[in-house]
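# What the coordinates show
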Number of protein chains: 2
Amino acid sequence: MNIGILGTGGVGQTLGAKLLALGHHVLLGSRAAGNEKAVAWVQQHGGGAREGSFADAAAFGDLLIVATLGTATVEAVQQAGAAHFAGKTVIDLTNPLDFSQGMPPTLFVGLTDSLGEQVQRALPQAHVVKTLNMVSVNQMIDPASTGGQPDMFVCGNDAGAKEQTTQLLRDLGWQRITDLGGIGEARATEPLVLLWVRYGLKHNTWGHALQFVHA
Amino acid sequence: MNIGILGTGGVGQTLGAKLLALGHHVLLGSRAAGNEKAVAWVQQHGGGAREGSFADAAAFGDLLIVATLGTATVEAVQQAGAAHFAGKTVIDLTNPLDFSQGMPPTLFVGLTDSLGEQVQRALPQAHVVKTLNMVSVNQMIDPASTGGQPDMFVCGNDAGAKEQTTQLLRDLGWQRITDLGGIGEARATEPLVLLWVRYGLKHNTWGHALQFVHA
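Scope of this entry: the structure provided in the associated data block. What you are looking at is a predicted structure, and each value in this text was computed from that prediction instead of being measured.

All names here are of chain A. As for its placement among the helices and strands, G52 is situated in strand 3 (residues 49-53). Distance from G52 to M103, taken between C-alpha atoms, is 33 Å for residues 51 residues apart in sequence. Excluding anything up to four places from it in sequence, G52 contacts L27, L28, G29, S30, A32 and A33.

Here it is, written out as structure tokens:
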């Protein structure tokens, strides 16, 4: 499958490399084609690896992944051109993190909205699925690295897009995936990053993930 | 120790019974003394079990536990009389749940405030500690019933009150307890109930609790 990733940071690069290893073709998109990090990533991985603008990524992908900083997310998808996303599954793994007060961060979207919903409103013809936002990229691509079987959540308005996302999550190694409902349920999952960061700071680990235990 | 519990619902009754079994004296407080459920609870448990008004509970306890509905929490502690709480540890395990839109619930406090902070503001001389709000009472008193070692979090402005709360949590069976910082960190833990409820609805379980897994 052709996958476009918006965002060339650590998440985009590492997740993109994993998707290449799974046999997909991946285009890393940035504000402008020729981004230094994206070019280096293509040189390192070759084969199905490409780079370009946000619009290039959105046009290339049969499936899109939004992996920008939360503060840049809505602008990035708008810059990419909403028409490129029409009818496609758009996995939004961004977090509305606000570091303006220092560490630990707060969120710039409250409990009456979510960044997932903002992405969906910016891309009304796309099928946005919120997932993976409450772990670091190392757990995204290898949940078993936690030593447990962490839970993952998907929410979105389109059943087919959630099925496609769930299959991709299984390919990444996720075994416990819960469909929470519509994209509005991102209001329940986006705040998890607050606790995830705080737990990491207190325990000096960034290799943790959330699991519900029950008899 | 003398423990006052504000709230005579399932949480207050079951947690109170466990605290009696641990050797404490417990007074269940309600809006008015003579609450039918509280009287029946005293008759069932005898010994160190007592009942009375919110004010009776707050005056009786060396340590207080607020276990009302979230919508009634601030009014309950105000009705009890702030002076009764001065200098004492006040464990707030309430959730700002809003069922006005039906199930699943939302929260009536956003990410720029928390119910824990509201309780602290209502009781400026008390040492409020937020904890236990993201599990049901069956896990509160028996975390091992989950089959795992779930995580618990405490936050509050007074170190001594958090130590006392942590010891009580250990007596209840909690082994993994993280001090997140001041009472403002309740903004990170109160939203957890949103996910807890949704997971329970999807998996038809109310015996679950959150655990961070990491290598």
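Continuing now.
What follows covers the sheet that holds strand 5 (residues 89-92) of chain A. An order of 3-2-1-4-5-8-9-10 (chain A) is seen for the eight strands of this open sheet, with the pairing classed as mixed. Two strands lie at the open edges of the sheet, namely strand 3 and strand 10 (176-181) of chain A, each paired on one side alone. Neighbouring strand axes in the sheet, compared pairwise and without regard to direction, differ in orientation by 25° on average. Note that strand 5 of chain A and strand 8 (residues 127-130) of chain A share four bridges and pair parallel. In the strand pairing of strand 8 of chain A, T89 of chain A is matched with H127 of chain A. With respect to the sheet, helix 5 (residues 115-122) of chain A is in contact with strand 5 and strand 8 of chain A, its orientation differing from that of strand 8 of chain A by roughly 170°. On the sheet, helix 9 (residues 192-203) of chain B packs against strand 9 (151-156) and strand 10 of chain A and is oriented at approximately 100° with respect to strand 10 of chain A.

Residue and element names in this part refer to chain A. Of all six residues that make up strand 2 (residues 25-30), five are buried, and the element is covered over most of its length. Taken together, the five bridges between strand 1 (residues 2-6) and strand 2 define a ladder with parallel strand orientation. Across the sheet, residue I5 finds its bridge partner in strand 2, namely L28. Handedness of the crossover joining strand 1 and strand 2 through helix 1 (residues 10-21) is recorded here as right-handed. Strand direction decides the pairing type here: strand 2 and strand 3, joined by five bridges, are parallel. Each bridged residue has a counterpart across the sheet, and for L28 the counterpart in strand 3 is E51. Between the parallel elements strand 2 and strand 3, the chain passes through helix 2 (residues 36-45) in a crossover that is right-handed.

All names here are of chain B. Between its terminal C-alpha atoms helix 7 (residues 159-172) stretches 20 Å, which fits the 20 Å expected from 14 residues at 1.5 Å a residue. By the burial criterion, the buried members of helix 7 are A161, K162, T165, T166, L168, L169 and L172. Here the buried residues of helix 7 occupy an arc of 165° about the axis, which is enough to place them on one side. Facing away from the buried surface of helix 7 by more than 90 degrees, the exposed residues are A159 and E163. You can read the cap of helix 7 off the contacts: a side-chain oxygen lies 3.1 Å from the backbone nitrogen of G160, and it is on D158. Positive backbone phi, at 110°, marks G173, one or two positions downstream of helix 7.

Let us look at the relation of the copies chain A and chain B. Under the fitted operation, chain A is carried onto chain B by 0.0 Å of movement along the axis and a turn of 180°, and the coordinates agree to an RMSD of 0.0 Å. Taken together, the rotation angle and the small translation identify this as a two-fold axis. When each C-alpha of chain A is compared by its distance to the rotation axis, Q211 of chain A comes out closest, at 2.6 Å. A share of 100% of the interface residues of chain A reappears at the interface of chain B, consistent with the copies meeting face to face through the same patch.

What counts and what doesn't
- Residues numbered from 1 in each chain as written.
- Chains lettered and ligands numbered in written order.
- Predicted model: local features only at pLDDT ≥ 70, side-chain atom pairs only at ≥ 80, totals over all residues.
- Heavy atoms only, no water.
- Helix = DSSP H or I, 4+ residues; strand = E, 2+ residues; numbered from the N terminus.
- Contact = heavy atoms within 4.5 Å.
- Pairing = 2+ DSSP bridges.
- Axes fitted to C-alpha atoms, helices over the stretch in contact; angles between N-to-C directions.
- Buried < 20%, exposed > 50% of the residue type's maximum accessible area, 1.4 Å probe, protein only.
- Right-handed = clockwise from strand over helix to strand, strands pointing away.
- Expected span 1.5 Å × (residues − 1).
- Arc of directions from axis to C-beta.
- Polar contact = N/O pair within 3.5 Å; in protein donor to acceptor, adjacent residues only side chain to side chain.
- Least-squares fit on C-alpha atoms with pLDDT ≥ 70 in both.

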